[in-house]
Amino acid sequence: AEATAWTRLVFEVTDQVLRDGALPLLMGGDHSVAIGSIRAARRHASTHGRRFRVLWLDAHADCNTSATTPSGNLHGMPVACLLGRGPDALVRLGDDGPSLDPLALRLVGCRSVDPAEKALIHEIGVDVIDMRLIDELGMREAMNVALAGVDDDTHLHVSLDVDFLDPDIAPGVAVPARGGPTYREAQLCMEMIADTGRLASLDIVELDPSRDLRNVTAELVVDLVGSLFGKSTLVRR
């Protein structure tokens, strides 16, 4: 009941910010807050007849259900809830409409996925751009895949879990997973999103200051968000 209450509050506030014509930036701890922000963004896009795309940047798939989770942590379930697999109170959020279309979702940077999550991802048909694909293609081509189809009529929502980054450069997270993007790969990822000009809503989650070292993770995230909003070394022509 408590999680449902604050998730609905996130939904309502995000919805109002979008109605006001602003870009909502949600900073949270637990990634499950994105259930509210993404459902609000999806409804906003649908109301305005726009294509909707979610880039879920995360070391984990977050696609467990209450029946499959090995930890019981809600932050391992938001993708499943968004796709209609979870408690009705979180899946529906006040009957705001159907669940997220799996074709609108791209999981980017995954490298720690539970067996039951893999089965559900394959069953539902979610596009996953995992670290192996990024290693094989390089970040530039992997992001081209993630952003394929994003056009001037797209509402692009980015949900950035800080553990998307390699823990060598971003130790301040609760569930680190080795083998993530390097500093330059992460910067390129943000710059390519900025280049689309379609970023319309943003989550920044799972930063844990108690695990950070001399604030390096927090400072890195600020740097990356700057790039996400168009900061660049040179003016591009």
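Use the structure listed above.
Description of the structure in this document. Everything numeric in this text was worked out from a predicted model, so none of it was measured.

**Describing the overall build of the chain**
Right, so step 1: What the chain contains, in helices and strands, is nine helices and six strands.
Right, so step 2: Here the C-alpha radius of gyration of the chain, 17 Å, is about what a compact globule of 237 residues would show, namely 18 Å.
Right, so step 3: Over its C-alpha atoms, taken along the principal directions, the chain stretches across nearly 45 × 40 × 35 Å.
Right, so step 4: Across the 237 residues that make up the chain, the buried fraction comes to 51%.
Right, so step 5: Long-range contacts, defined as pairs at least 24 residues apart, comprise 74% of the intrachain contacts of the chain with a sequence gap of at least 6.
Right, so step 6: Put simply, the chain shows about 11,000 Å² of open surface, and 51% of that area lies on carbon and sulfur atoms.

**Focus on a nonpolar patch on the surface**
Right, so step 1: Judged by side-chain polarity, Leu-23, Leu-25, Met-27 and Phe-229 come together as a nonpolar surface patch covering roughly 400 Å² of accessible area.
Right, so step 2: Relative accessible area serves as the criterion here: at 68%, Met-27 is assigned to the exposed category.

**Regarding the packing of helix 8 (residues 183-196) against helix 9 (residues 216-228)**
Right, so step 1: Close contact between helix 8 and helix 9 brings their axes to 7 Å; oriented N to C, the two are set at 30°. Listed contacts from helix 9 to Tyr-183, Ala-186, Gln-187, Met-190, Glu-191, Ile-193 and Ala-194 of helix 8 are Leu-220, Asp-223, Leu-224, Ser-227 and Leu-228.
Right, so step 2: Looking at the contact of helix 8 with helix 9 residue by residue, the class counts come to eight nonpolar, two polar and two charged.

**Considering the sheet that holds strand 4 (residues 127-129)**
Strands belonging to one sheet form pairs held by backbone hydrogen bonds; the direction of such a pair is parallel or antiparallel.
Right, so step 1: Ordered in space as 1-6-5-2-3-4, the six strands form an open sheet in which the pairing is parallel. The sheet terminates laterally at strand 1 (25-28) and strand 4, the two strands that pair on one side only. Direction aside, the axes of adjacent strands within the sheet are offset by 15° on average.
Right, so step 2: When strand 2 (residues 51-57) meets strand 5 (residues 154-161), the two strands line up parallel, connected through seven bridges. Residue pairing across strands places Arg-53 opposite Leu-156, the latter belonging to strand 5.
Right, so step 3: Packing against the sheet, helix 7 (residues 139-147) makes contact with strand 2, strand 3 (105-108), strand 4 and strand 5, and its axis sits at approximately 145° to strand 2.

**Considerations on the side chain of Asp-15**
Right, so step 1: By the secondary structure assignment, Asp-15 is in helix 1 (residues 2-19).
Right, so step 2: A residue is classified by how much of its surface remains accessible, and Asp-15, at 9% relative accessible area, is buried.
Right, so step 3: The contacts of Asp-15, once residues within four sequence positions are left out, are Ala-40 and Arg-43.

**Brief notes about the packing of helix 7 against helix 8**
Right, so step 1: It is at 10 Å that the axes of helix 7 and helix 8 come closest, and there the two elements cross at 35°. Handedness of the crossing formed by helix 7 with helix 8: right-handed. Across the interface between the two elements, Met-139, Arg-140, Met-143, Asn-144 and Leu-147 of helix 7 pack against Glu-185, Leu-188, Cys-189, Met-192, Ile-193 and Thr-196 of helix 8.
Right, so step 2: Of the residues contributing to the contact of helix 7 with helix 8, the split by class is seven nonpolar, two polar and two charged.

**Comments concerning helix 2 (residues 34-47)**
Right, so step 1: Taking 1.5 Å of rise per residue, 14 residues should cover 20 Å, and helix 2 covers 19 Å from first to last C-alpha, within 8% of that figure.
Right, so step 2: Among the 14 residues in helix 2, 11 count as buried, and that is most of the element.
Right, so step 3: Every buried residue of helix 2 is listed here: Ala-34, Ile-35, Gly-36, Ser-37, Ile-38, Arg-39, Ala-40, Ala-41, Arg-42, His-44 and Ala-45.
Right, so step 4: Note on helix 2: the residue one or two positions beyond its end, Gly-49, has a positive phi of about 65°.

Reading the values: rules and limits
Residues numbered from 1 in each chain as written. Predicted model: local features only at pLDDT ≥ 70, side-chain atom pairs only at ≥ 80, totals over all residues. Heavy atoms only, no water. Helix = DSSP H or I, 4+ residues; strand = E, 2+ residues; numbered from the N terminus. Rg over C-alpha atoms; globule rule 2.2 N^0.38 Å. Buried < 20%, exposed > 50% of the residue type's maximum accessible area, 1.4 Å probe, protein only. Contact = heavy atoms within 4.5 Å. Areas by Shrake-Rupley, 256 points an atom, 1.4 Å probe, with all protein chains shown as cover. Patch = residues over 30% accessible without salt bridge, like charges linked within 9 Å, V, L, I, M, F, W, Y side chains within 5 Å. Salt bridge = Lys/Arg side-chain N within 4 Å of Asp/Glu carboxyl O. Axes fitted to C-alpha atoms, helices over the stretch in contact; angles between N-to-C directions. Nonpolar A, V, L, I, M, F, W, Y, C, P; charged D, E, K, R; others polar. Pairing = 2+ DSSP bridges. Left-handed = near helix turned anticlockwise from the far one by under 90°. Expected span 1.5 Å × (residues − 1).

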